[in-house]
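Residue-level structural notes
So you can see what is in the structure, the chains are spelled out below.
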Amino acid sequence: MSEFSSQEKSGLYKAIYTRRDVRSHFNSKPIPNDVLARILNAAHHAPSVGFSQPWNFVLIRNHSTKQKVKESFEQEKTRSSNQIDEPKKEKYLSLKLEGILESDVNVCITYDPTRFGPFVIGRSSIPETGIYSVCCAVQNLWLAARSEEIGVGWVSILSNDALKQVLGLPDHIVPVAYLCLGHVEEFAQKPDLETANWLPRLDLKDVIYFEKWGQTQSPSWDQIHELIQTNLDYAFIK
Ligand SMILES: Cc1cc2nc3c(=O)[nH]c(=O)nc-3n(C[C@H](O)[C@H](O)[C@H](O)COP(=O)(O)O)c2cc1C
């Protein structure tokens, strides 16, 4: 395989930096089947522990199924709000945190621990690597969707028990991600939670340590230390 041209590199970084979690900007235009198929195929080409490919994709367009999932969301949102004190609680309750009904297609991505098992290369010491693999598929899907101008929103304010029941998942199948996919009016420039002043984006320099936990400087890492002083992201988009 050849190396990436600079245009191809820019395309990849553009997808990464302009990807958004979409909740409020879905429109009713359906996703063409060829586009949906490409997005799902990108997800299916994610890395997976021991090449176990432990995912399934449950595609949902049925309104009453979406409605039941939305009910679970409402219940869980209310329940989780009781963990927050005012004034944050009121702010939390005012945030738009899903687009279940407005988006054209909902996709539940699941984990099957029995796929190609019981022995899977690389999973014997850290069983969670199975779930991590499914998360890799989610990210592939999210980026491919962005490049196809399709918005994706991850809804985790849900009861897995409710999801299992509504979607008829077998006992051993774990729902990992419930995603809302659809055409959008716009992709916001920043995360909605940043715009709402819920949380800021951390500086890159504050999340990097050199050689040992907590070590923020080291002579052999001088140059990169300088480069990470500012976040680099928007440089690639223009
Ligand atoms: C595992 C996971 C669960 C999430 N659950 C929700 C959710 O329930 N509702 C929501 O509005 N956003 C959810 N998000 C989206 C995040 O809030 C979002 O990624 C973050 O605020 C950064 O924004 P961005 O994705 O636009 O960069 C979730 C994201 C991840 C990775």
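Labelled according to an unreviewed UniProt entry, the protein chain appears under the name Cob(II)yrinic acid a,c-diamide reductase, originating from Candidatus Nitrosotenuis cloacae.

Here the focus is the site of the ligand. The ligand sits among Arg20, Asp21, Arg23, Leu97, Glu98, Gly153, Trp154, Val155, Ser156, Ile157, Pro191 and Leu193. Across the shell around the ligand, the residue classes break down as 6 nonpolar, 2 polar and 4 charged.

It is worth spelling out unusual backbone geometry at this point. That bond from Glu86 to Pro87 is cis: its omega, 5 degrees, falls within 30 degrees of zero. The topology assignment puts Pro87 in the loop between helix 3 (63-81) and helix 4 (88-94). Residue Pro118 follows Gly117 across a cis peptide bond; omega there is 5 degrees. Within the fold, Pro118 resides in the loop between strand 2 (105-111) and helix 5 (129-147). Phi is positive for Glu149, close to 65 degrees, though the residue is something other than glycine. The residue Glu149 is located in the loop between helix 5 and strand 3 (150-154) in this model. Taking the C-beta count within 10 Å as the criterion, Glu149 has 11 such neighbours and is therefore assigned exposed. A positive phi angle, close to 70 degrees, is found at Glu211, a residue other than glycine. Within the fold, Glu211 resides in the loop between helix 7 (192-195) and helix 8 (222-227). Take Glu211: there are 8 C-beta atoms within 10 Å of it, and that puts it in the exposed class.

Analysis parameters
Residues numbered from 1 in each chain as written. Predicted model: local features only at pLDDT ≥ 70, side-chain atom pairs only at ≥ 80, totals over all residues. Near = placed C-beta within 6 Å. Nonpolar A, V, L, I, M, F, W, Y, C, P; charged D, E, K, R; others polar. Helix = DSSP H or I, 4+ residues; strand = E, 2+ residues; numbered from the N terminus. Buried ≥ 20, exposed ≤ 12 C-beta atoms within 10 Å, placed from the backbone.

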